Amino acid sequence: GESVGLHLPTLSVQEGDNSIINCAYSNSASDYFIWYKQESGKGPQFIIDIRSNMDKRQGQRVTVLLNKTVKHLSLQIAATQPGDSAVYFCAEIWDSSYKLIFGSGTRLLVRP
Amino acid sequence: EAQVTQNPRYLITVTGKKLTVTCSQNMNHEYMSWYRQDPGLGLRQIYYSMNVEVTDKGDVPEGYKVSRKEKRNFPLILESPSPNQTSLYFCASSLSWGLHEQFFGPGTRLTVL
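Chemist: So, the packing of aromatic side chains: which residues are in play, and what are the values?
Modeler: All names here are of chain A. Under the counting rule described, the total for this entry stands at 11 aromatic pairs over all chains. Both rings, one in Tyr 36 and one in Phe 102, keep their centres 5.5 Å apart while their planes meet at 50°; by these two values the pair is tilted. Remark: Phe 102 occurs in strand 9 (residues 99–102) and Tyr 36 occurs in strand 3 (residues 32–38); sequence separation between them is 66 residues. Among the residues examined, Tyr 36 registers a relative accessible area of 0% and is labelled buried.

Structure follows, in structure tokens:
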């Protein structure tokens, strides 16, 4: 498959453990934050988003936390599975700009 | 099946030879966008389109053109490709700008020699 990044930070977790992927953002005016998952050889896939006036949002096995004080976003994956192995990107949106700005990504490796 | 398709998936070309990468979606989406992905730089937006005949520059538009004559199609045009445009390109679409779930195509690997 395609190599999506040669210099990505990597998080290695044991299957069944919880994973926490972190992201720092720069623009305090961002309206939304989004997490995408990219498997090898595929395009990014939307996971979950959170509005800037929220602190936490939960999905199926995933939770996103937003700390606006320190401009930090995290994605928590419960009971990590081999199928979760991928590169994870955070992205931020300024609604008025109609643009999506991606972070550089984190590679998640799940050990069996 | 609801999807975003791109063609070609792989292309090797030479400097200066005009090329077009097609993108088509069958979901009646209003918003479409092109990104390039490079190691260490993540995905960067090239151009986007809010709807038919409405396009605007993203963060790295130099050397690219787009058109949106029909709702379903959003081709990316490189009039005179250069080696620094060697990259992995993704097209994406969403129902509207306000809905943040963008659907991405499978990608086009372009190499410019």
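Now that the structure has been shown, we can carry on.
Chemist: Kindly report on the state of the cysteines, identifying the contributing residues and their values.
Modeler: What we call a disulfide is simply a covalent bond connecting the sulfur atoms of a pair of cysteines. Applying the stated criterion to the full structure yields 2 disulfides over all chains. Here Cys 23 of chain A pairs with Cys 90 of chain A through a disulfide, and the sulfurs are 1.7 Å apart. Within this pair, whereas Cys 23 of chain A is found in strand 2 (residues 19–24), its partner Cys 90 of chain A is found in strand 8 (residues 86–94), the two being separated by 67 residues in sequence. Accessibility assignment for this pair places Cys 23 of chain A and Cys 90 of chain A in one class, buried. Here Cys 23 of chain B engages in a disulfide with Cys 91 of chain B; their sulfurs sit 1.8 Å apart.

Chemist: Which residues make up the pairing of strand 6 (residues 54–57) of chain B, and what values do they have?
Modeler: Two faces, one strand: in a regular strand the side chains alternate between the faces of the sheet. Residues and elements named next belong to chain B. Bridge count for strand 5 (residues 42–51) against strand 6 is 4 bridges, and the pairing is antiparallel. Residue Ser 49 lies in a different strand from strand 6, and its bridge partner there is Thr 55. Connecting strand 5 to the next strand, strand 6, in antiparallel fashion are 2 residues, including Glu 53 with a positive phi near 65°.

Chemist: With reference to specific residues and values, describe the layout of surface pockets.
Modeler: Over the atoms a probe the size of a water molecule is rolled, and this reveals where empty space is left. Its volume calculated, the largest pocket comes out at about 370 Å³. Lining the largest pocket are 19 residues, and of these Pro 44 of chain A together with Gln 3, Val 4, Phe 104 and Gly 105 of chain B sit closest to its centre. Of all the secondary-structure elements, those providing two or more residues to the lining of the largest pocket are strand 4 (45–51) of chain A together with strand 1 (4–7) and strand 10 (103–104) of chain B. Along the lines of polarity and charge, the residues of the lining of the largest pocket split into 8 nonpolar, 6 polar and 5 charged. As a volume, the second largest pocket reaches approximately 210 Å³. A per-element tally of the lining of the second largest pocket places strand 4 of chain A first, with 3 residues. Its residues assigned to classes, the lining of the second largest pocket shows 5 nonpolar, 3 polar and 3 charged.

Chemist: Summarise the interface of chain B and chain A; cite the residues concerned and give the values.
Modeler: The partner chain A presents 27 residues to the 24 residues of chain B that form the contact. Summing both partners gives a buried area of about 2,000 Å² for chain B against chain A, and 59% of it is carried by carbon and sulfur. Together, Leu 43, Trp 97 and His 100 of chain B form the three largest contributors to the area buried by chain B at its contact with chain A, with a combined 31%. For the interface between chain B and chain A, the tally reads 0 salt bridges. For the interface between chain B and chain A, the tally reads 3 residue pairs in polar contact (both at pLDDT 80 or more). Sorting the residues of the side of chain B that touches chain A by element identifies strand 4 (31–38) and strand 5 of chain B as the ones contributing at least two each. At 5 residues, strand 5 of chain B tops the list of elements feeding residues into the side of chain B that touches chain A. Within the side of chain B that touches chain A, the residues separate by chemical class into 11 nonpolar, 8 polar and 5 charged.

What counts, and where the lines are drawn
Residues numbered from 1 in each chain as written. Chains lettered and ligands numbered in written order. Predicted model: local features only at pLDDT ≥ 70, side-chain atom pairs only at ≥ 80, totals over all residues. Heavy atoms only, no water. Phe/Tyr/Trp six-rings, centres within 6.5 Å; stacked < 30°, edge-to-face > 60°. Helix = DSSP H or I, 4+ residues; strand = E, 2+ residues; numbered from the N terminus. Buried < 20%, exposed > 50% of the residue type's maximum accessible area, 1.4 Å probe, protein only. Disulfide = S-S within 2.5 Å. Pairing = 2+ DSSP bridges. 1 Å grid on protein atoms, 1.4 Å probe; cavity = no way out; pocket = protein on both sides within 12 Å on 5 of 7 lines; lining within 4 Å. Points joined across faces, edges and corners; volume = space filled by probe spheres on them. Nonpolar A, V, L, I, M, F, W, Y, C, P; charged D, E, K, R; others polar. Contact = heavy atoms within 4.5 Å. Buried area = accessible area lost by both parts, 1.4 Å probe. Salt bridge = Lys/Arg side-chain N within 4 Å of Asp/Glu carboxyl O. Polar contact = N/O pair within 3.5 Å; in protein donor to acceptor, adjacent residues only side chain to side chain.

The quantities given are spatial measurements derived from coordinates; they are silent on function.
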